[in-house]
Amino acid sequence: MPGSSLEETSQPRPDDSPASNGGNDRVSPEDVTSNAWSAMSTIIHEVDERKIQGYKEDIDTFLVFAGLFSAVLTAFLIESYQGLQQDPMEVMVALMQQVAIQTYSYSLNAGFLNSTASPFSQPRLSFQPSVNAVRVNVLWFASLTLSLMSASFGILVKQWFREYLAGDYTSPQARLRVRHYRNPGLDKWKVFEIAAILPLLLQLSLASFFVGLCIFTADVHTTVGHTTFPLVAGWGFLFIASALAPAFSPRCPYKTTLLKSVTKAIWKLHSSLAQRLRIAYGRSNLGLRASSTKGALCSPGLQNQSPIPGKWSHKDPAYDEAVAAKTDIHDLDILITVDSIQSDDDLLRTMMDTLQQSRAPGTEYVRFALAIISHRLQDNITIPSSGFLDLLRLSKQTASTIMLPIADIFCREVKEQPLTSDMRSLEWHDWMKDCLCLLFSKTNIPIPSEANLCFSGVLADDSRCAVFFNILKTRAPDVNAFPHILKRLQGALHVMNGNDVLPVLNHLTQQYFSPGSAIAYQSFLDMLKDPEKVPTHYLQLLFDTLVSVVRNDIRELGRWTPRTLTCIIELWSMVSRRDEVLNLFQNILSRDLDSSSSYNYFWGVSMYAMGSSRGNASSSLKEEAQKTFIAVILAASHSSERLATDF
């Protein structure tokens, strides 16, 4: 019973008090059940309110219109109803005319005053109104009646809705029970249908007024009638066309509640006939004979094809709202639309999470990222055919939010691609190239760590590395893009194996300064020594990159070959950066050189750099550099007995 439910909810249970449960925070099963009923009651009440609110707003609108319309119509009726009865002024005029005629007809004859006018005839008391006057008044009085009826029923419907939502029960469970009891009555007694009819009654009232207005103006003056009739006819045509338009296009917004089921049935019939015509037209184009028609119909491929692409295809997600609600192919467009309405960075992060959870294809990620950038920069942004995007005007939060999912989809595709027989080839889709260009855009946000790890794996292979830099060179052929690419690659180079860094820089430098040359180490050094191929300021960038990468990985010197440090020494001699090299080697020497691996590594580098152990070592080291390097070794020998003995 409702009363018992209310009483039970209003009285606290002994178990609910903090003292009774010993102070622990565990929730009892009764509390869980109560919270569930409360949540369900809130959701259902919100759904009912949203559904009823639309009807109530419509009723409020047409109540205002009905009041104004009735006032205007009343003014017309005051003038028109007089045509239904005899005008007293006309009777008085007739009498006065008779008196005037008799007065003028008097004559004096033989002492008698005689009148030559015909005897006085009493005016006819019967009156017959004109046909047009009757028609106008019938239409206008009917219009006024319909308008007042719709207003009256509108007030009643609002009261019905209020009573449906009203409830004196505080228990969520009791409210749901009452709602379950009342809801079937709305359907059985057609409350929503009555609410949907009321606007149509008002439209019918307006149509009656317009028809009567056409007759009235034509009766007053022909020219006025010819002006009014086309306007009313145009209104009637547009009204009927807008009411029937949803029957021919499911996306048409000209929908009314009462006609929704009718237009939906017409649309299904129309689309079914159109589909049959397309199939028949496709068969005739294929030149199928009549004898094979039946077999062709049984072919699934022919049944599913659409020979005439168009908006009537059953495969179109817009076929029906029910279909559109279940398909996800337009979810990305929804996110883009939401961002265009409210370009909020916090909301953008939520949308990106939604996009990642949907497992959308890579092309959708790129399209979404470009749309977000376009909204923020208020311009139509596309992947440029030459150069990289300039995202410096974006906020750091926006740029970071865009980079993360782009890096995620790129890395996911690289990982999920099946390995071929040589285990090296990578299929570069167009959208992957676009992702690469987005990650290398001009921005202060570094490339995400996940992408750096992925890049390190791709760049570790010579064939993939060549394709990687060829894509970047194709998108940004200008040599001025070289410093930018080198800067964006810092994160990937720092996580790479030391043996692979030098070939990566070799590939990148070759792409921009010596395309088609050999990848060999000596060819790389020869290219660097040629100032016409590689200007000095680019050598300084390479030098800084190598020093930064080695310094970052200084605790893992075993991963580095002596060639890497030797290349640094070679670059030192070219760019005169002596202090950086000394500082780097002092950091190396600060390590424990008595361990076998560290000692052998350092000794090999030292001898290689000094030209003492390898015939192909560089001869460009100046005497000052050799003396400086020997001094560094002597300083280190004081802390390493083994190094001092060998040296």
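What counts and how
Residues numbered from 1 in each chain as written. Predicted model: local features only at pLDDT ≥ 70, side-chain atom pairs only at ≥ 80, totals over all residues. Heavy atoms only, no water. Axes fitted to C-alpha atoms, helices over the stretch in contact; angles between N-to-C directions. Helix = DSSP H or I, 4+ residues; strand = E, 2+ residues; numbered from the N terminus. Parallel < 35°, antiparallel > 145°, perpendicular 65-115°, else oblique. Left-handed = near helix turned anticlockwise from the far one by under 90°. Contact = heavy atoms within 4.5 Å. 1 Å grid on protein atoms, 1.4 Å probe; cavity = no way out; pocket = protein on both sides within 12 Å on 5 of 7 lines; lining within 4 Å. Points joined across faces, edges and corners; volume = space filled by probe spheres on them. Polar contact = N/O pair within 3.5 Å; in protein donor to acceptor, adjacent residues only side chain to side chain. Buried < 20%, exposed > 50% of the residue type's maximum accessible area, 1.4 Å probe, protein only. Patch = residues over 30% accessible without salt bridge, like charges linked within 9 Å, V, L, I, M, F, W, Y side chains within 5 Å. Areas by Shrake-Rupley, 256 points an atom, 1.4 Å probe, with all protein chains shown as cover. Salt bridge = Lys/Arg side-chain N within 4 Å of Asp/Glu carboxyl O. pLDDT = per-residue confidence, 0-100. Disulfide = S-S within 2.5 Å. Core = buried A, V, L, I, M, F, W, Y, C linked by side-chain atoms within 4.5 Å. Nonpolar A, V, L, I, M, F, W, Y, C, P; charged D, E, K, R; others polar. Phe/Tyr/Trp six-rings, centres within 6.5 Å; stacked < 30°, edge-to-face > 60°. Arc of directions from axis to C-beta.

Some remarks on the packing of helix α15 (residues 396-416) against helix α16 (residues 430-439)
Relative to each other, α15 and α16 sit at 140°, their axes nearing to 10 Å. Relative to α16, α15 is oriented oblique. The two elements α15 and α16 cross, and the hand of that crossing is left-handed. In this structure, α15 contributes Met403, Ile406, Ala407, Ile409, Phe410, Glu413 and Val414 to the contact, and α16 contributes Trp431, Met432, Cys435, Leu436, Leu438 and Leu439.

So, the layout of surface pockets
Estimates place the volume of the largest pocket at around 590 Å³. Along its surface, the largest pocket is lined by 25 residues, and Ala196, Pro199, Leu200, Gln203 and Thr256 are the ones closest to its centre. Counting residues per element, the ones that place at least two in the lining of the largest pocket are α2 (29-80), α6 (191-220) and α7 (222-244). The element best represented in the lining of the largest pocket is α6, accounting for nine residues.

Brief notes about the side chain of aspartate 345
Within the secondary structure, aspartate 345 is located in helix α13 (residues 345-357). Polar side-chain contacts of aspartate 345 include one of 2.7 Å to the side chain of threonine 398. Once you skip the residues sitting within four places of it in the chain, aspartate 345 turns out to touch Arg376, Ser395, Gln397 and Thr398.

Points about the side chain of serine 208
Mapped onto the fold, serine 208 is located in helix α6. In this structure serine 208 comes out as buried when scored by relative accessible area, which is 13%. Dropping the residues within four chain positions of it, serine 208 is found in contact with Leu139, Trp140 and Ser143.

Re a nonpolar patch on the surface
Together, Ile78, Tyr81, Leu84, Val134, Val138 and Phe141 make up an exposed nonpolar region whose accessible area comes to about 510 Å². If one sorts the elements of the nonpolar patch by residue count, helix α4 (residues 131-165) sits on top with three residues. Inspection of the secondary structure puts isoleucine 78 in helix α2.

Notes on the confidence of the model for the chain
Taken over all residues, the pLDDT of the chain has a mean of 75, while the share at 70 or more is 68%. Averaged over each element, pLDDT in the chain is lowest for helix α10 (residues 300-304) (35) and highest for α4 (93). Below a pLDDT of 50 lies the segment residues 1-24, which in the model reaches 12 contacts outside its immediate sequence neighbourhood of four places, other chains included.

Things to note about the state of the cysteines
This model, assessed by the stated rule, comprises zero disulfides. Cysteine 437 carries a free sulfur, and the closest cysteine sulfur to it, the one in cysteine 435, is 9.4 Å from it. Cysteine cysteine 454 is unpaired, with the sulfur of cysteine 411 as its nearest cysteine sulfur at 3.8 Å. Taking the relative accessible area as the measure of exposure, cysteine 454 reaches 9% and is therefore buried.

Structural notes on the nonpolar core
Counting 81 residues, the largest nonpolar core has Phe368, Phe440, Phe455, Phe468, Phe469 and Leu489 as its most contacted members. If you tally residues by element for this core, the top one is helix α14 (residues 362-377), at nine residues. Not counting the four nearest positions on each side in its chain, phenylalanine 455 is found in contact with Phe410, Leu436, Leu439, Phe440, Ile447, Phe468 and Ala492. By size, the runner-up hydrophobic cluster in this structure holds 17 residues, among which are Ile52, Ala66, Val157 and Val191.

Focus: empty space enclosed by the protein
Under the counting rule described, the total for this entry stands at two cavities of 30 Å³ or more. Put simply, the second largest cavity is a space of about 30 Å³. For the second largest cavity, the full set of lining residues is Ala243, Pro246, Tyr254, Lys255, Thr256, Leu259, Lys260 and Thr263. Taken together, the residues of the lining of the second largest cavity break down into four nonpolar, two polar and two charged.

So, the pattern of salt bridges
In total, this model carries eight salt bridges according to the counting rule given. Two residues, aspartate 333 and arginine 367, come together in a salt bridge whose shortest N-O distance is 3.0 Å. Taken as a pair, aspartate 333 in helix α12 (residues 331-341) and arginine 367 in helix α14 lie far apart in primary sequence, 34 residues in all. The residue glutamate 364 makes a salt bridge to arginine 367 at a minimum N-O spacing of 3.4 Å. Taken as a pair, glutamate 364 and arginine 367 lie in helix α14 at a separation of three residues, close to a single helical turn.

Details of the environment of glycine 362
The topology assignment puts glycine 362 in helix α14. Sequence separation between glycine 362 and aspartate 408 is 46 residues; the distance between their C-alpha atoms is 9.9 Å. With sequence-adjacent residues up to four places away left out, glycine 362 is seen in contact with Ile409 and Trp431.

Concerning unusual backbone geometry
You will see that lysine 190, though not glycine, has its phi angle at about 55°, which is positive. Locating lysine 190 in the fold gives a position in the loop between α5 (172-188) and α6. Take lysine 190: its relative accessible area is 45%, and that puts it in the partly exposed class. Even without being glycine, glutamine 378 reaches a positive phi, approximately 55°. Secondary-structure assignment places glutamine 378 in the loop between α14 and α15. Judged by its relative accessible area of 73%, glutamine 378 is exposed.

Side note on the packing of α14 against α15
Relative to each other, α14 and α15 sit at 170°, their axes nearing to 10 Å. Overall, the two elements α14 and α15 adopt an arrangement that is roughly antiparallel. Every residue of α15 that contacts α14 at Gly362, Tyr365, Val366, Ala369, Ile372, Ile373 and Arg376 is listed here: Thr398, Ile402, Pro405, Ile406, Ile409 and Arg412. Within the contact of α14 with α15, the residues separate by chemical class into nine nonpolar, two polar and two charged.

So, the packing of aromatic side chains
The tally for this structure, following the rule as stated, stands at 24 aromatic pairs. Relative to phenylalanine 239, the ring of tryptophan 235 has its centre 5.7 Å away and its plane inclined at 25°; by these criteria the two rings are stacked. You can see tryptophan 235 and its partner phenylalanine 239 sitting in helix α7, four residues apart, about one turn around the helix. Tryptophan 235 gets classed as partly exposed once you look at its relative accessible area, which sits at 27%.

Thoughts on α16
α16 sits mainly inside the fold: eight of its 10 residues count as buried. On the buried face of α16, the contacting elements are α14, α15, α17 (449-459), α18 (462-475) and α19 (481-488).

A closer look at α12
Since one α-helical turn is 3.6 residues long, residues separated by three or four positions face the same way. Those residues of α12 that sit buried are Leu332, Leu335, Ile336 and Asp339. The buried residues of α12 occupy an angular sector of 100° when projected down its axis, which confines them to one face. The secondary structure elements touched by the buried residues of α12 are α13 and α14.

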